[in-house]
Amino acid sequence: VVDLAEKEMDNPTFRSDTVLSDVHLHCPSKRHLMVRLNAVGQPVFLSYFQLLWSTEDLASGKHMREITTGREHQCRSGDELCDKDRSNIKKEGELNSEGVEALLDDDGDLEVVRRPRSASDLQAKDLLRDIVCPVILMKGEEDAFEDEEQECTCRDVVKIEHTMATPLEDVGKQVWRAAFLLADYILFKRDTLRCCSVLELGGGTGITSIIMGTVAKRVYCTDVGEDLLAMCEQNVTLNKHLMESGGGEIKVKELDWLKDEFCTDPEAPYSWSEAEIADLLDHCSVIMAADVFYDDDLTDALFRTLYRITHNLRNSCTVYLALEKRLNFTLRHMDVTCEAYSHFRNTLNDLENLEDGKMKYTVEPIKLDFCQFLVYERIEQL
């Protein structure tokens, strides 16, 4: 939803109210349930994301073949129905194969019965529809869908609570495509990443940290906002079974890029202990972030945080950054631009060219030819 403020027609400004990730459209929730309302009144949904482990499933090949096969079958069925319909509606009033009277207009075309426009029309014969209501699953009633859970193999399914459409400041509560891309790379490089200590910046719903937790020894999943961190912690709890075999551990912590220090306030629910900070600085060898480069000020803050943390690490570190290059048409340029991405690249270049007596950063792109373990659209802008 975009509002146009017309204080001056020569200098219009736009304000974006709602942001929506389309990940759930490609991998819809198995239950399609709203499980609760969060602390700020936003609906929270529970979605299942299946991991594709077999050779046939990699790169989502099997998934795509199943979809294609299903569509072809649907088209064939549709053609057959069309043939039947054409033969069954030669005369007005003749019944079709379903036993429903076919209505034709003056030209002989099929007249489509549309949804009634007024409440009184609902009583019209043959126009009544089944009322479909969303199901709200309250806490403590998860066993109501025990049969569905049994259909999901524990090692093949990640369960994530998330929101759908949010204001820009709450986009961390949604699931984004770059998080799946980074998760794919983690699973592809799982032998290399095994038993390492990891920090995620801007963890959001925690899905990337959860995947990393299946191979790493310890993961510090960080973000800001008590409501978001509570959702992230809930997701870690929902997927503990995935980490049991490897013995991995995920700790959800607050890390504000706009502050120079770790939160150590014992009254804060997701604060750091001195032992945890020491453990991170002594053992962290991997830092990762997915889809956090959408605002220039936050990008600057993230790189400052990245520099500060890596500057204090005892060992060298690899940083994995995944993002989607978002194309936008702007009136200022009268062209399609990628301003957030351009700022990210410029800041990344500054980091690489930084002359520091202690630190040296090298940047390498990763080719996207590795296997795809999750069902999503791996677009060119990733």
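Basis of the calculations
Residues numbered from 1 in each chain as written. Predicted model: local features only at pLDDT ≥ 70, side-chain atom pairs only at ≥ 80, totals over all residues. Heavy atoms only, no water. UniProt positions renumbered as here; feature names shortened; annotations may be inferred. pLDDT = per-residue confidence, 0-100. Contact = heavy atoms within 4.5 Å. Helix = DSSP H or I, 4+ residues; strand = E, 2+ residues; numbered from the N terminus. Buried < 20%, exposed > 50% of the residue type's maximum accessible area, 1.4 Å probe, protein only. Core = buried A, V, L, I, M, F, W, Y, C linked by side-chain atoms within 4.5 Å. Salt bridge = Lys/Arg side-chain N within 4 Å of Asp/Glu carboxyl O. Pairing = 2+ DSSP bridges. Axes fitted to C-alpha atoms, helices over the stretch in contact; angles between N-to-C directions. Phe/Tyr/Trp six-rings, centres within 6.5 Å; stacked < 30°, edge-to-face > 60°. Lys NZ or Arg CZ within 6 Å of the ring centre and 35° of its normal. Right-handed = clockwise from strand over helix to strand, strands pointing away.

Where an unreviewed UniProt entry is consulted, the protein chain appears under the name Methyltransferase-like protein 22, with the organism given as Aegithalos caudatus. Checking UniProt for the protein chain, the heading Sequence similarities (unreviewed entry) contains the comment "Belongs to the methyltransferase superfamily. METTL22 family." We quote the UniProt Subcellular location (unreviewed entry) comment for the protein chain here in full: "Nucleus".

Trainee: Give me the confidence of the model for the protein chain: which residues, what numbers.
Mentor: Across the protein chain, pLDDT averages 78, with 67% of residues at or above 70. Throughout residues 1-9 the model reports pLDDT below 50, and contacts reaching past four residues in sequence, or to other chains, amount to 15 contacts. Here residues 139-149 is a poorly scored stretch, pLDDT under 50, and it has 14 contacts once near neighbours within four places are set aside; other chains count.

Trainee: Please set out the environment of Phe45 residue by residue, giving values where relevant.
Mentor: With respect to the helices and strands, Phe45 occurs in strand E5 (residues 43-50). Given a relative accessible area of 22%, Phe45 falls into the partly exposed group. With 118 residues separating them along the chain, Phe45 and Thr163 place their C-alpha atoms 5.9 Å apart. Discounting residues that sit within four places of it in the chain, Phe45 has contacts with Leu33, Met34, Val35, Ile160, Glu161, His162 and Met164.

Trainee: Quick one: what's the story with helix H9 (residues 274-283), residue by residue and with numbers?
Mentor: Helical geometry note: an α-helix holds 3.6 residues per turn, so side chains three or four residues apart project in the same direction. Along H9, the positions that sit buried rather than exposed are Glu276, Ile277, Asp279, Leu280 and Leu281. Check the buried side of H9 and you find it contacts strand E8 (197-200), strand E9 (218-223), strand E10 (249-254), strand E11 (284-290) and helix H10 (296-312).

Trainee: Can you break down unusual backbone geometry residue by residue, with the values?
Mentor: With phi around 70°, Cys195 is a residue other than glycine that occupies positive phi space. Position of Cys195 relative to the elements: it lies in the loop between helix H5 (190-193) and E8. One non-glycine residue, Asp291, lies in positive phi territory at about 55°. Looking at the element boundaries, Asp291 is found in the loop between E11 and H10.

Trainee: For the nonpolar core, give the residues involved together with the corresponding values.
Mentor: Burial of nonpolar side chains together is a common tendency in soluble globular proteins. In this structure, Val158, Phe180, Ile186, Leu193, Val198 and Met212 are the most contacted members of the largest nonpolar core, which totals 45 residues. The greatest single-element share of this core, amounting to nine residues, is contributed by helix H4 (residues 177-188). Beyond its immediate chain neighbours, meaning those up to four positions away, Val198 contacts Met212, Ala216, Arg218, Val219, Tyr220, Cys284, Val286 and Met288. Counting residues in each nonpolar core, the second largest holds 27 residues, with Leu281, Val292, Ile309 and Leu313 among its members.

Trainee: How would you explain the pattern of salt bridges if you had to name every residue and give the values?
Mentor: Evaluated as defined, the whole model comprises 14 salt bridges. With its nearest N and O atoms 2.9 Å apart, the salt bridge here joins Glu161 to Arg36. Of this pair, Glu161 sits in strand E6 (residues 157-162) while Arg36 sits in strand E4 (residues 33-37), and the two are 125 residues apart along the sequence. Residue Arg36 is classed as buried on the basis of its relative accessible area of 18%. With its nearest N and O atoms 3.7 Å apart, the salt bridge here joins Arg314 to Asp282.

Trainee: Quick rundown of the sheet that holds E5? Include the residues and the values.
Mentor: Across the sheet, which stays open at both edges, the three strands sit in the order E4-E5-E6 with antiparallel pairing between neighbours. Of all the strands in the sheet, just E4 and E6 have a single pairing partner and so form its edges. In this sheet, neighbouring strand axes are inclined to one another by 30° on average, regardless of whether the strands run parallel or antiparallel. When E5 meets E6, the two strands line up antiparallel, connected through six bridges. Across the sheet, residue Leu46 finds its bridge partner in E6, namely Glu161. Its contacts with the sheet place helix H7 (residues 226-238) against E4, E5 and E6, and it is angled at close to 160° to E6.

Trainee: Help me get a handle on the packing of aromatic side chains, residues and values and all.
Mentor: Inspection of every chain in the model, using the stated rule, returns twelve aromatic pairs. Aromatic side chains Tyr185 and Phe370 sit 5.1 Å apart centroid to centroid with 65° between the ring planes, which places their arrangement in the edge-to-face category. Of this pair, Tyr185 sits in helix H4 while Phe370 sits in the segment after helix H11 (339-352); the two residues are 185 residues apart in sequence, bridging distant segments of the chain. Across the pair, exposure class does not vary: Tyr185 and Phe370 are buried alike. Taken together, the ring pairs connect Tyr185, Phe188, Tyr320 and Phe370 into an aromatic cluster. The ring of Phe262 carries the charged tip of Arg308 above its face, separated from the ring centre by 5.7 Å.

Trainee: Please give an account of the pairing of E11 that cites residues and values.
Mentor: In terms of residue burial, E11 counts as a mostly covered element, since six of its seven residues are buried. Where E8 lies against E11, four bridges are found, and the strand directions are parallel. By the bridge assignment for E11, Val198 is matched with Val286. In this structure, E11 lies alongside strand E12 (residues 318-322), joined through five bridges in parallel fashion. Paired with Ala289 across the two strands is Leu321, which belongs to E12. Once the chain exits E11 it traverses H10 before rejoining the sheet at E12, and the crossover so formed is right-handed.

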